[in-house]
Amino acid sequence: MKRKLTAVLLGLSLVASLTACGGAKEESAGSQAAAPAAPAADSSAAETEESADTLMGADSATVRFKVGTTTAPEGHYVKGLIEMQSLLEEYSEGEMTLDIYPNSQLGNERDMMENVGMGVQEMCLVSTGPIPNFVADFAALDLPYLFETAEDAYAVLDGEIGQNLLGQLGTQGIVGLGFWENGFRDVTNNTKEVVTPEDLSGMKIRTMENNVHIATYEALGATATPMAWGEIFTALQQGTVDGQENPIAIIESAKVYEVQKYCSMIDLFYSPCVLMISQSIYDGLSDTQKDALTKAANEAKTYQREYSQNYNADAIKTMEEAGVTVTEVDKEVWKSAINYDDIISKSGLKVDQALLDELLK
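Attention in this report is confined to the structure presented alongside it. Starting afresh in each chain, residues are numbered from 1 along the sequence in its written order. In keeping with the predicted nature of the model, local features appear solely for residues at pLDDT of at least 70, side-chain atom pairs appear and are counted solely at 80 or more, and the whole-chain, interface and lining totals rest on all residues. In computing side-chain values, all of the structure's heavy atoms are included and hydrogens and water are not.

1. As for the pattern of salt bridges
What counts is decided by this rule: Just to be clear on terms, a salt bridge is a Lys or Arg side-chain nitrogen sitting within 4 Å of an Asp or Glu carboxyl oxygen. Where helices and strands are cited, they refer to DSSP runs of H or I of at least four residues and of E of at least two residues respectively, numbered from the N terminus.
Scanning the model with the defined rule gives eight salt bridges in all. For the salt bridge of Lys301 with Asp158, the shortest nitrogen-to-oxygen distance reads 3.3 Å. Taken together, the residues span a long stretch of sequence, with Lys301 in helix H9 (residues 287-321) and Asp158 in the loop between helix H3 (150-157) and helix H4 (160-168) at a distance of 143 residues. One salt bridge connects Arg305 with Asp158, and the closest N-O pair in it is separated by 2.7 Å.

Given below as structure tokens:
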């Protein structure tokens, strides 16, 4: 279905309900907020075509947040957002909801983050991959083998270090609502079983557009090939790259295993994702609305993390049943091939030294 929206002009006075523009490519959606006007993307009316994947919230809600993600509707990102959608409607007594746009409908992660910062899209849930382009200190989270377990990661990300990082998003016009789960990143390919770092030698591996990830894979002997998520499946089918790296939940839900028959559980990086809302939208909410939003986001984060852990076990079984060779590796061998100083130097990593020292403890 289509919704027509009228883009708002800067400088409007407070009103009871207000249309906020959204979309990665000058698209707009019917998101209303009892708030001052957010910056408009365009002064003309615009239309957004909703795909079959779009998950609209309750029709009765008067405050709507358009939230985008690049992942599939069956994936752990979207399952968490669906839970938050339900919780937000409950805690706001039906006043507030999320309209969820999976599968890169609103653009890639960097596009969405930029649009949220400008106030032309209300919310997004994105991996930390593009964030260092905007807030340099986030790159510290991309270092390989930084966390032993997901629980270790939660303790850091929910603690002082993580909250300080989220606070830095304010420089980009963004409020960080929390670190959700992406997961430990494993590598797939369609050539051979990868057991040791030497097995990666000469292989073209798709990575995120992330300097630390690129430097790490190159240090392990692979040819790192950064590309956007939306381009991966075709590149794998056509042999443009030999393999790719992602959390198991992404590999399975996007059906990457249909074109990749080997998966190695190297757990090279722990990759969180961040739920973001535009500062201009957030500031326009009442205290009661903010409380409902924060409560729903926190509870959905816990749900999504638990869902992700359970999903991984089922996903591995699904992949094995589809004929994928899933290989457990000796992570100590992989860790011994990592030299932080070299990766930091080659990636051009520029983060606060005190933060880096604290993380590397």
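Once you've had a look at it, read on.
2. Thoughts on the packing of aromatic side chains
Between two aromatic rings, the relevant description is the distance of the centres plus the angle of the planes. Inclusion rule: What counts as a ring pair is set by centres within 6.5 Å for rings of Phe, Tyr and Trp (its six-membered ring), and what kind of pair is set by the plane angle: stacked under 30 degrees, edge-to-face over 60, tilted for all other angles. Partly exposed residues are those whose accessible area sits between 20% and 50% of the maximum for their type, while under 20% is buried and over 50% is exposed, using a 1.4 Å probe and protein chains only. Look at NZ for Lys and CZ for Arg. If either is within 6 Å of the ring centre and within 35 degrees of the ring normal, a charge sits over the ring.
In total, this model carries six aromatic pairs according to the counting rule given. The interplanar angle of 40 degrees and the centroid separation of 6.1 Å between the aromatic rings of Phe138 and Phe179 together place this pair among those described as tilted. Of the two residues, Phe138 sits in the loop between strand S7 (123-127) and H3 while Phe179 sits in strand S8 (residues 174-189), which places them 41 residues apart along the sequence. Phe179 matches Phe138 in its accessibility class, with the two residues each being buried. Summarising the aromatic geometry, the rings of Tyr303 and Tyr307 are spaced 6.1 Å apart at their centres and angled 25 degrees between planes, so their arrangement reads as stacked. In this pair, Tyr303 and Tyr307 both sit in helix H9, four residues apart, roughly one turn of the helix. Tyr303 sits in the partly exposed class, given a relative accessible area of 31%. Pairwise contacts between aromatic rings join Phe147, Phe184 and Tyr270 into one cluster. The ring of Tyr91 has Lys295 lying over it, and the distance from NZ or CZ to the ring centre is 4.2 Å.

3. With respect to helix H5 (residues 211-219)
Along an α-helix, residues three or four positions apart point the same way, because every turn accommodates 3.6 residues. Just so we agree on the cut-off: Two residues form a contact once any of their heavy atoms are found within 4.5 Å.
Buried within H5 we find Val212, His213, Ile214, Ala215, Thr216 and Tyr217. For H5, the secondary structure elements touched by its buried residues are S8, strand S9 (204-207), strand S10 (223-226), strand S11 (243-247), strand S12 (262-278) and helix H11 (340-347). Downstream of H5 by one or two residues, Gly221 has phi in the positive range, about 100 degrees.

4. Concerning unusual backbone geometry
Even without a glycine there, the phi angle at Lys255 is positive, about 60 degrees. Tracing the chain through its elements places Lys255 in the loop between helix H7 (248-253) and S12. The phi torsion at Asp267 lies on the positive side, around 50 degrees, for a residue other than glycine. Structurally, Asp267 is set in strand S12.

5. A short note on the packing of H5 against H11
Test applied: Axis lines are fitted to C-alpha atoms, over the contacting stretch for helices. Their N-to-C directions set the angle, which ranges from 0 to 180 degrees. In what follows, roughly perpendicular refers to angles from 65 to 115 degrees, roughly parallel to angles under 35, roughly antiparallel to angles over 145, and oblique to any angle outside these ranges. Helix crossings are classified by the rotation of the near helix relative to the far one: an anticlockwise turn of less than a right angle makes the crossing left-handed, while a clockwise turn makes it right-handed. Gly is placed with the polar residues, together with every amino acid not listed as nonpolar (Ala, Val, Leu, Ile, Met, Phe, Trp, Tyr, Cys and Pro) or charged (Asp, Glu, Lys and Arg).
As a packed pair, H5 and H11 sit with axes 9 Å apart at the nearest point and diverge in direction by 125 degrees. It follows from the interaxial angle that H5 and H11 lie oblique. Taken as a pair, H5 and H11 cross one another with a handedness that is right-handed. For the pair formed by H5 and H11, the contact residues are Asn211, Val212, Ala215 and Thr216 on the first element and Ile343, Lys346 and Ser347 on the second. Residues belonging to the contact of H5 with H11 are distributed by class as follows: three nonpolar, three polar and one charged.

6. Details of the environment of Val187
Assignment of secondary structure puts Val187 in strand S8. Among the residues examined, Val187 registers a relative accessible area of 2% and is labelled buried. Expressed as a C-alpha distance, the spacing of Val187 and Gln260, which sit 73 residues apart in the sequence, is 9.9 Å. If sequence neighbours within four positions are ignored, Val187 has contacts with Ile205, Tyr217, Gln244, Glu245, Tyr262, Cys263, Ser264 and Ile266.

7. Describing the pairing of S8
Formally: In this scheme, strands are said to pair when DSSP sees at least two bridges between them.
In terms of burial, S8 is largely enclosed, as 16 of its 16 residues are buried. Relative to S11, S8 is paired through five bridges, and the arrangement is antiparallel. The partner of Asp186 across the bridge, within S11, is Asn246.

8. Focus on H3
Inclusion rule: Taking the helix axis as origin, the arc is that swept by the directions to the C-beta atoms.
All of the buried residues in H3 are Ala150, Ala153, Tyr154 and Leu157. Buried residues in H3, looked at end-on, bunch into an arc of 100 degrees, giving them a common side. The inward-facing, buried residues of H3 contact H4, S8, S12 and H9.

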